[in-house]
Number of protein chains: 2
Amino acid sequence: MSDSNPGFVEPTGPAPATCKVVSAATVADKLLQEVKSSLQKFDRAPLLVGFLANNDPAARMYANWTEKTCTQNGFKFELREVDKEDLEDNILAANVDDNVDGIIVYFPVFGNRQDQYLQQVTAMNKDVEGLSHKYLFNMYQNIRFLDAAQTQKSILPCTPLAVIKILEHIRVYNSILPYGNRLFGKTITVVNRSEIVGRPLAALLANDGASVYSVDITGIEHFTRGEGIRKRQHQVHSTELKLEDVVPRSDVVITGVPSKDYKFPTHLLKEGAICINFSSEKNFDPSVKEKASIYVPAIGKVTITVLLRNILRLAENRRGTKQVEEGKSA
Amino acid sequence: MSDSNPGFVEPTGPAPATCKVVSAATVADKLLQEVKSSLQKFDRAPLLVGFLANNDPAARMYANWTEKTCTQNGFKFELREVDKEDLEDNILAANVDDNVDGIIVYFPVFGNRQDQYLQQVTAMNKDVEGLSHKYLFNMYQNIRFLDAAQTQKSILPCTPLAVIKILEHIRVYNSILPYGNRLFGKTITVVNRSEIVGRPLAALLANDGASVYSVDITGIEHFTRGEGIRKRQHQVHSTELKLEDVVPRSDVVITGVPSKDYKFPTHLLKEGAICINFSSEKNFDPSVKEKASIYVPAIGKVTITVLLRNILRLAENRRGTKQVEEGKSA
């Protein structure tokens, strides 16, 4: 055969397992380029103020990490360590300080419902984490702008947005489809339904057209815009489905279980599924690479980049509002 | 609600059915840009010679259409009408004529196995349709180059290649995955298993990592590179599966049934499936738009553009061979 066909390339036996591991750094670098280019429109380095009112070493570590990322990328960061009881007044002062572009509060502070109250004290137009009720309401209702003229984008919470940026990077979002429907046809399982990440993430993905199975220990809920994604926002239905029903039909599986002991049952994955872990624990064991086409083991670096992006977006929104107000008074 | 939230955008009720219809012209235009840019490297307009040895009006129409596309895009086309019995000699003359860059024979000529013989008379390095046995062999064996140094790409048959170019355009090929594995995780049903289009197409898609169900009236065959796409080329397995088993799990459905009466059962499609028809008959009725995320109703314009692309590739391959030979004799 080889003699009569000089161009014949000898087959080299079975290929190795084929899983592309995508690091958060790769995605973050691309986003940082965008951030840097937007930053050039600013006449001074934007200032992010972090409030620390606890002795939680994890919170301090996160604060240090935020500072490092800010200063490396042309942002200023100021950590203000205050007493629990003075926190509200300090936030209120930062709210009206024109030099402050973004505010982040390192929770837990009181460790109870008062923390949710404090979360809402931060001015909406400086809330880099996108946790103000209005932002959350818009997110769940699939309302993407703050104004009727659609010039000011609503802010999305950092971790769910980081997952979305990763899904865009790895082309799960199909850019050939219209904006807002780019996940149509995709089935996604999210293992985690916390108020901070899992539930908003499931809602965002379903609002973009995906059929989403949201899994936690109480059961599986189905988030979807329905047949032909004709509904303008997602609906949620309780199901009696089990993990073994939904995972084999899922194109993407996203995990965020905050436990060292938890390992996702990779034998349920369909061939060539895409797997993303946003937990700080490794929710997938190495066998994931035997099944997945793409595996994203962590997302932290993207989350912090998205935080910078939110600072810029807030600044742009504030500038827009100011122009409108100046226009009115002129 | 609206009063206290001035930015609130009123929901506007259920959205309309969401299916993006992609025309072949859009994909063809993009490919034509590439063709035009490659064409600038040539010192004269490449010449495609078409041989017509029958009175088939469809063949003549195709010839006219080829001529139009050639002349519109900087290629020369010459239709040589010859007697059946003189065809072989005429092909042989064109094979060795340095002015001829590509040869296309409009079949049927004898309408029997002699046509397959004639198909192999065209010199491999002028075979724009990619029907020489060596090209077909390479395609099925997943051998992508003609030479060990991998400088000369093997030629692919026009219609299957056109479908692939469309799948690339609509992002079914995931460019984040390594070349050769970009369909990993995708399930595709191809309704048609002709030697000209359906079987080569199923093989090409499976070689690129997809799990392909190839459907014809005799049954359904499964083309796949196996678990973890570890095999270096596809294998084929007969199945007892039915259309209602494979379509609901298919991300993409490709039809090519040459019959006015055939309509694909769209109720079997999964929500958001991608549908492509390469038959000149409309294999999907309008209900496809109620289910599909993307629908490509026809591919003809892409096929003819791919033909031009193959002419250029052949010319580049010939130039490469010449350089190697000149190098040897020097």
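In the nomenclature of an unreviewed UniProt entry, chain A corresponds to Methylenetetrahydrofolate dehydrogenase [NAD(+)] from the organism Morchella conica CCBAS932. Quoted straight from UniProt, the Subunit (unreviewed entry) entry for chain A says "Homodimer." Looking at the Function (unreviewed entry) heading of the UniProt record, one finds this comment for chain A: "Catalyzes oxidation of cytoplasmic one-carbon units for purine biosynthesis."

Draft legend 1. View of the sheet that holds strand E8 (residues 235–238) of chain B. Residue and element names in this part refer to chain B. Pairing is mixed in the open sheet, where eight strands are placed in the order E1-E11-E10-E9-E5-E6-E7-E8. Strand pairing shows two members of the sheet lacking a second neighbour, strand E1 (20–21) and E8, which therefore form its edges. Strands in contact with helix H6 (residues 158–169) are strand E9 (252–255), strand E10 (274–277) and strand E11 (294–296); relative to E9, the strand with the most contacts, it is inclined by about 150°. Strands in contact with helix H7 (residues 198–207) are strand E5 (187–191), strand E6 (211–216), strand E7 (219–224) and E9; relative to E7, the strand with the most contacts, it is inclined by about 35°.

Draft legend 2. Focus on the UniProt feature "domain: Tetrahydrofolate dehydrogenase/cyclohydrolase catalytic" (unreviewed entry) in chain A. Those places that UniProt annotates as "domain: Tetrahydrofolate dehydrogenase/cyclohydrolase catalytic" (unreviewed entry) correspond, in this numbering, to residues 24–129 of chain A. Secondary structure over residues 24–129 of chain A splits into 45% helix and 16% strand, and the C-alpha atoms at its two ends are 19 Å apart.

Draft legend 3. Representation of unusual backbone geometry. The omega angle of the peptide bond from A:Phe107 to A:Pro108 is 0°, so this bond is cis rather than trans. Following the sequence through the fold, A:Pro108 ends up in the loop between strand E4 (102–106) and helix H4 (113–119). Look at B:Gln150: it is not a glycine, yet its phi comes out positive at around 55°. With respect to the helices and strands, B:Gln150 occurs in the loop between helix H5 (133–141) and H6. We note that B:Arg171 has phi near 65°; this positive angle belongs to a residue other than glycine. For B:Arg171, the location among the structural elements is in the loop between H6 and E5.

Draft legend 4. Quick look at the packing of helix H1 (residues 24–39) of chain A against helix H6 (residues 158–169) of chain A. Residues and elements named next belong to chain A. Closest axis-to-axis distance for the H1/H6 pair is 10 Å, and the angle between their directions is 95°. When the axis of H1 is compared with that of H6, the two are roughly perpendicular. Contacts between H1 and H6 involve Thr 26, Val 27, Lys 30 and Leu 31 from the former and Lys 165, Ile 166 and His 169 from the latter.

Draft legend 5. Summary view of a negative patch on the surface. Residue and element names in this part refer to chain A. On the surface, Asp 83, Glu 85, Asp 86 and Asp 89 cluster together to form a negatively charged patch. Tracing the sequence through the fold places Asp 89 in helix H3 (residues 87–95). With a relative accessible area of 56%, Asp 89 lands in the exposed category.

Draft legend 6. How the structure looks around the sheet that holds strand E3 (residues 76–81) of chain A. All names here are of chain A. Read from one edge to the other, the open sheet built from three strands follows the order E3-E2-E4, with strand pairing classed as parallel. Each edge of the sheet is formed by a strand with only one pairing partner; in this case those strands are E3 and E4. Between one strand axis and the next, the sheet turns by 20° as a mean value, whatever way the strands run. When strand E2 (residues 47–52) meets E3, the two strands line up parallel, connected through six bridges. Bridge assignment links Leu 47 to a residue of E3, and that residue is Lys 76. The strands touched by helix H2 (residues 57–72) are E2, E3 and E4; relative to E3, the strand with the most contacts, the crossing angle is about 155°. Sheet strands touched by H3: E2, E3 and E4. Its angle to E4, the strand with the most contacts, is close to 165°.

Criteria and thresholds
Residues numbered from 1 in each chain as written. Chains lettered and ligands numbered in written order. Predicted model: local features only at pLDDT ≥ 70, side-chain atom pairs only at ≥ 80, totals over all residues. Heavy atoms only, no water. UniProt positions renumbered as here; feature names shortened; annotations may be inferred. Pairing = 2+ DSSP bridges. Helix = DSSP H or I, 4+ residues; strand = E, 2+ residues; numbered from the N terminus. Contact = heavy atoms within 4.5 Å. Axes fitted to C-alpha atoms, helices over the stretch in contact; angles between N-to-C directions. Parallel < 35°, antiparallel > 145°, perpendicular 65-115°, else oblique. Patch = residues over 30% accessible without salt bridge, like charges linked within 9 Å, V, L, I, M, F, W, Y side chains within 5 Å. Areas by Shrake-Rupley, 256 points an atom, 1.4 Å probe, with all protein chains shown as cover. Salt bridge = Lys/Arg side-chain N within 4 Å of Asp/Glu carboxyl O. Lys, Arg positive; Asp, Glu negative; His and termini not counted. Charge placed at Lys NZ, Arg CZ, Asp CG, Glu CD. Buried < 20%, exposed > 50% of the residue type's maximum accessible area, 1.4 Å probe, protein only.

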